Amino acid sequence: MKELIKSGISILSILLLIACGNNENKKKEIPQNKKTSVAITKESEVKINDDLLNAIYSQYTHLTVALTQGNIAEAKLAANAIEAGAQKISANSNLVTSAGAIVSAPDIEKQRVAYSQLSNEMAGLLKKAGMADAELYVHYCPMAFDNKGAVWISTTKEVRNPYFGEKMLKCGEVKETIK
């Protein structure tokens, strides 16, 4: 009887360890999935009056999330897609140049510098095109680039700073709304 109880306790201990391990893994995965699903859900609600610009903006949000998370490889993927789309907008070589600089940048800091230029271009294009549905927010971080400041565009008022990422995730404010 004692051996049955000991083996039962051993099995129960193993099951608890496995269960605890699985919960830890799920906890680690959930925040990443939530970030991704929130971005996808929010972006699907945005509609810009220019279809090509709408597609480019979708990749711009991918780029913003990648920079916020400090993910160099994802930033390069998104910037490559922006560069390809921007080449179809004949009047905007600055967008192509900025996206290309992100693709070829050797580190996250150089990507963020080029992203600042790209964000300025995107803001101008989005204001000109206008929104068919929803609105976008132009955020401003006064501390970016040694207090020179920089903007980025978001579908939410919540600040998630791509210039500092996790170091200063909430640094910034909404400066303008694009309708």
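Structure: see above.
A brief report on the enclosed structure follows. Predicted, not measured: the structure shown is a model, and the values here were computed from it.

About the cut-offs
Residues numbered from 1 in each chain as written. Predicted model: local features only at pLDDT ≥ 70, side-chain atom pairs only at ≥ 80, totals over all residues. Heavy atoms only, no water. Core = buried A, V, L, I, M, F, W, Y, C linked by side-chain atoms within 4.5 Å. Buried < 20%, exposed > 50% of the residue type's maximum accessible area, 1.4 Å probe, protein only. Helix = DSSP H or I, 4+ residues; strand = E, 2+ residues; numbered from the N terminus. Contact = heavy atoms within 4.5 Å. Pairing = 2+ DSSP bridges. Axes fitted to C-alpha atoms, helices over the stretch in contact; angles between N-to-C directions.

Notes on the nonpolar core
- Formed by 40 residues in total, the largest nonpolar core has its most connected members in Tyr-60, Leu-63, Tyr-115, Leu-118, Met-122 and Leu-126.
- Listing elements by their share of this core, those giving two or more residues are helix H2 (51–68), helix H3 (72–86), helix H4 (93–104), helix H5 (108–129), strand E3 (136–141) and strand E4 (150–154).
- The biggest single contributor to this core is H5, with eight residues.
- If we ignore the near neighbours within four places in the chain, the residues touching Tyr-60 are Ile-82, Tyr-115, Leu-118, Ser-119, Met-122, Trp-152 and Ile-153.

Considering the sheet that holds strand E5 (residues 173–178)
- Here we have three strands laid out as an open sheet, ordered E4-E3-E5, and antiparallel in their pairing. Each edge of the open sheet carries a strand with a single partner, namely E4 and E5. For this sheet, the mean angle separating the axes of adjacent strands, direction not counted, is 30 degrees.
- Here five bridges tie E3 to E4, and the two strands are oriented antiparallel to one another. Looking across to E4, one finds that Tyr-140 is bridged to Val-151.
- On the sheet, H2 packs against E3 and E4 and is oriented at approximately 120 degrees with respect to E4.
- Packing against the sheet, H5 makes contact with E3, E4 and E5, and its axis sits at approximately 55 degrees to E4.

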